[in-house]
Amino acid sequence: MNESRAPRLVETVLRCYPARWRRRHGEEAAELAALLLRDGTPAGSIAGSYLAGAAREWLTPRPGRRLSTAACALLVAAGSLGVSAGLLPSTAPARAAVTSQHHGPAHCRPGSPEPGPGVSPALAHLRVISWETGHGRSC
Amino acid sequence: MSGPNDRAGQDVLRRVGEASVLILISLADGPKHGYALIQDIKEIAGVELGPGTLYGALDRLERLGMIEPLPADDRRHPYRITVPGAAALRVHLESLERVSAAGRLRLQLGGI
């Protein structure tokens, strides 16, 4: 790795640590990395070790950080749900094309986005999800 | 010698991980800072401790009261082993010696 890029890479990775950790160890960690680089330790190995350390630091429960950890877990869960929901409409036409030969009940098909009378769009979306999770079984 | 169920003689280092034990062994002969610890551990155990692993283990040992930081020397923070840390290390090493002796004996008995 380029000599000027290696310290920058380590510096970037050190920013992944919580602020409390950086206040305490930040300067020393940067100096230690510089010494290890001088000894010939690959920059990627140093950065990888610091990255794993940063992940551990965030994931280790500490008093006073329970709320933020719980908030992070909720955000991740919400994010993954959002991604799944976002993917469903995009994959639905493809699935509909594949399943068009399958003569199941019309309201089970993901390709029929029109909600029936008295069904709100949100419920129609839920129906699509239930079809996805049911893998085409009768709904 | 106290037994393994005696609280005073309990091997509290059993679950802290190899890095923490190596750090305590390295600090047993005097205070050291991060870079010196990495160099020393490489020399005594042939293990290259990553800097991220090092700081994680140092924080854990400090929380457990087994080591304490000394006033910073420039930007480097030396650490020293505490009295409870030294006692815990002694118990752990005795436990390792017992296991090691049992292993050697069984290899002998098994004739492998």
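Now for a description of the structure that goes with this document.

Cut-offs applied
Residues numbered from 1 in each chain as written. Chains lettered and ligands numbered in written order. Predicted model: local features only at pLDDT ≥ 70, side-chain atom pairs only at ≥ 80, totals over all residues. Helix = DSSP H or I, 4+ residues; strand = E, 2+ residues; numbered from the N terminus. Buried ≥ 20, exposed ≤ 12 C-beta atoms within 10 Å, placed from the backbone. Contact = placed C-beta atoms within 7 Å. Nonpolar A, V, L, I, M, F, W, Y, C, P; charged D, E, K, R; others polar. Core = buried A, V, L, I, M, F, W, Y, C linked by C-beta atoms within 7 Å. Expected span 1.5 Å × (residues − 1). Bend = angle between axes of the 7 residues up to and from the residue. Axes fitted to C-alpha atoms, helices over the stretch in contact; angles between N-to-C directions. Parallel < 35°, antiparallel > 145°, perpendicular 65-115°, else oblique. Left-handed = near helix turned anticlockwise from the far one by under 90°.

1. Looking at the overall build of chain A
Counting its secondary structure elements, chain A contains five helices and zero strands. Starting at the N terminus and ending at the C terminus, chain A contains elements arranged as α-α-α-α-α. Across the 139 residues of chain A, 14% fall into the buried class. Sequence separation of 24 or more characterises 49% of the internal contacts of chain A that already satisfy a separation of 6 or more.

2. Digging into the overall build of chain B
Helix and strand counts for chain B come out as four helices and two strands. Counting helices and strands in the order they occur from the N terminus, chain B gives α-α-α-β-β-α. Looking at chain B residue by residue over its 112 residues, the buried ones come to 30%. The contacts in chain B between residues at least 6 apart in sequence include a share of 48% that link residues at least 24 apart.

3. Describing the interface of chain A and chain B
The figure often quoted for interface size is the accessible area lost as the parts come together. On the chain B side, the residues contacting the 15 residues of chain A number 11 residues. Residue assignment for the side of chain A that touches chain B shows that the elements contributing at least two residues are α2 (19-38) and α3 (43-59) of chain A. Residue composition of the side of chain A that touches chain B, by class: eight nonpolar, three polar and four charged.

4. Observations regarding the environment of His 33 of chain B
Residues and elements named next belong to chain B. Its place among the elements puts His 33 in the loop between α1 (18-27) and α2 (34-45). Sequence separation between His 33 and His 77 is 44 residues; the distance between their C-alpha atoms is 5.6 Å. In contact with His 33, not counting residues within four places along its chain, are Arg 76, His 77 and Pro 78.

5. Side note on the nonpolar core
If you look at the biggest cluster of nonpolar residues, it comprises 36 residues, and the most contacted ones within it are Val 10 of chain A together with Ile 23, Leu 24 and Leu 58 of chain B. Those elements giving two or more residues to this core turn out to be α1 (5-14), α2 and α3 of chain A together with α1, α2, α3 (51-63), β2 (79-81) and α4 (83-110) of chain B. For this core, the element with the most residues is α1 of chain B, which contributes six residues. Ignoring anything within four residues of it in the chain, the contact list for Leu 24 of chain B reads Leu 61, Met 66, Ile 81, Gly 85 and Leu 89 of chain B.

6. With respect to α2 of chain A
The terminal C-alpha atoms of α2 of chain A lie 27 Å apart, and with 20 residues this matches the ideal 28 Å at 1.5 Å per residue to within 8%. Within α2 of chain A, the axis deviates most sharply at His 25 of chain A, by approximately 65°. Every buried residue of α2 of chain A is accounted for by His 25, Ala 29, Leu 32, Ala 33 and Leu 36 of chain A. The inward-facing, buried residues of α2 of chain A contact α1 and α3 of chain A together with α2 and α3 of chain B. Count one or two residues on from α2 of chain A and you reach Gly 40 of chain A, which has phi positive near 105°.

7. A look at α3 of chain B
The end-to-end C-alpha separation of α3 of chain B is 18 Å, in line with the 18 Å expected for 13 residues at 1.5 Å each. One or two positions beyond α3 of chain B, positive phi appears at Gly 65 of chain B, with a value near 75°.

8. As for the environment of Ala 43 of chain A
Take Ala 43 of chain A: it is sitting in helix α3. C-beta crowding within 10 Å serves as the criterion here: with 20 such atoms nearby, Ala 43 of chain A is assigned to the buried category.

9. Overview of the packing of α1 of chain A against α3 of chain A
Residues and elements named next belong to chain A. At a closest axis distance of 9 Å, the pairing of α1 and α3 adopts a crossing angle of 5°. In terms of orientation, α1 and α3 fall into the roughly parallel class. Counting all contacts with α1, which are made through Ala 6, Leu 9, Val 10, Val 13 and Leu 14, the residues of α3 involved are Ala 43, Ile 46, Ala 47, Tyr 50, Leu 51 and Ala 54. Each residue belonging to the contact of α1 with α3 can be placed in one class, and the counts come to 11 nonpolar, no polar and no charged.

10. A look at the packing of α2 of chain A against α3 of chain A
Residues and elements named next belong to chain A. Here α2 crosses α3 at 160°, and the two axes come no closer than 10 Å. One finds that α2 runs roughly antiparallel with respect to α3. The handedness of the crossing between α2 and α3 comes out as right-handed. Two secondary-structure elements touch here, α2 through Trp 21, Ala 33, Leu 36 and Leu 37 and α3 through Ala 43, Ile 46 and Glu 57. Split into classes, the residues belonging to the contact of α2 with α3 amount to six nonpolar, no polar and one charged.

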